[in-house]
Amino acid sequence: MIYVGTFSKVLFPSLRIGYLVLPHDLVNHFVAAKSISDRHVASLEQAALTEFLTEGHFTAHLRRMRKIYSERQYLLLEVAEKYWQQFMTVEASFGGLLMLGKLRQGLDDVEVSIRAAERGVRLRPLSPLYLEEPAQHGFLLGFAAYSEKEMAIAAKRLLEPRHQCDTARRGLSRSPLRRESTRNGG
């Protein structure tokens, strides 16, 4: 089995140091491939990272960040329950830094994300990621980089697009928040 990872995600993006965990019999092949494809090595950064790892700082960092991310995930779940339960359900994540928010039937995630962006809230719609219909409409919700206050502000800003979605759903408006299949009776 081969494991591939990067310290960019768990420490900081500009570090740009990755790693491979390989079976012993593949090490020489990968070293040869690396020397052919890329001769540059970030020696200073690798030396600093080695010291960081061997002194146990990385393990302490991971422990601290897991606690922080767990707390932020819980905060986002609370915010979702308080502000979004009428139009979206949010599921807890047991790994990673994103949660899944599923929109109610008939709401278009792309249009909601456009309206949210107009209010300073960036959402990642799910439906464009689907290759085949029916696509799930919802969002990938990040929680790692935001404080409780920032989450609450964003949640309140989303209420305006929600009301526009509800108006469109009831047929009181020609708003583009309704999906084509809903408008065309399909």
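Everything below is about the structure shown above.
Residues numbered from 1 in each chain as written. Predicted model: local features only at pLDDT ≥ 70, side-chain atom pairs only at ≥ 80, totals over all residues. Heavy atoms only, no water.

Right, let's talk about unusual backbone geometry for a bit. In the segment running from Glu133 into Pro134, the intervening peptide bond is cis, with an omega of 0°. Turning to its location among the elements, Pro134 is positioned in the loop between β5 (124–125) and β6 (138–142). Of note in this structure, Arg16 is not a glycine but carries a positive phi near 50°. (Helix = DSSP H or I, 4+ residues; strand = E, 2+ residues; numbered from the N terminus.)

Now for helix α5 (residues 109–118). Side chains of residues three or four places apart in an α-helix project in the same direction, reflecting 3.6 residues per turn. Every buried residue belonging to α5 is among Asp109, Glu111, Val112, Ser113, Arg115 and Ala116, and all of these are buried. Just downstream of α5, Gly120 is the residue with a positive phi angle, here 85°. (Buried < 20%, exposed > 50% of the residue type's maximum accessible area, 1.4 Å probe, protein only.)

Relative to the assigned elements, Leu98 resides in strand β4 (residues 98–103). Its relative accessible area of 32% is what places Leu98 among the partly exposed residues. Taking the C-alpha atoms as reference points, Leu98 and Phe139, 41 residues apart in sequence, are found 9.5 Å from one another.

The end-to-end C-alpha distance of helix α3 (residues 43–54), which contains 12 residues, comes to 16 Å, matching closely the 16 Å that a straight helix rising 1.5 Å per residue would cover. Just downstream of α3 lies Gly56, where phi reads positive at about 85°. (Expected span 1.5 Å × (residues − 1).)

Below, the discussion takes up the packing of aromatic side chains. The description of two aromatic rings rests on the distance between their centres and on the angle between their planes. On inspection of all chains with the given rule, the structure shows 2 aromatic pairs. On the basis of an interplanar angle of 50° and a centroid distance of 5.2 Å, the ring pair of Phe7 and Tyr19 is categorised as tilted. Here Phe7, found in helix α1 (residues 7–10), pairs with Tyr19, found in strand β2 (residues 18–21); they are 12 residues apart in sequence, far enough to count as distant. Looking at Phe7, the relative accessible area reads 9%, which means it is buried. Tyr19 sits in the partly exposed class, given a relative accessible area of 38%. Taking 5.5 Å as the distance between ring centres and 75° as the angle between the ring planes, the aromatic pair formed by Phe7 and Phe58 counts as edge-to-face. Here Phe7, found in helix α1, pairs with Phe58, found in helix α4 (residues 57–84); they are 51 residues apart in sequence, far enough to count as distant. Through a chain of ring-to-ring contacts, the aromatic side chains of Phe7, Tyr19 and Phe58 assemble into a single cluster. (Phe/Tyr/Trp six-rings, centres within 6.5 Å; stacked < 30°, edge-to-face > 60°.)

Turning our attention to the nonpolar core. Among the nonpolar cores identified, the biggest contains 22 residues, and Trp84 and Leu123 are the most heavily contacted of them. When residues of this core are traced back to their parent elements, those giving at least two are α4, β3 (88–91), β4, α5, β6 and α6 (148–169). If you tally residues by element for this core, the top one is α4, at 6 residues. Formed by 5 residues, the second largest nonpolar core is a distinct cluster that contains Phe7, Leu15, Ile17 and Leu49. (Core = buried A, V, L, I, M, F, W, Y, C linked by side-chain atoms within 4.5 Å.)

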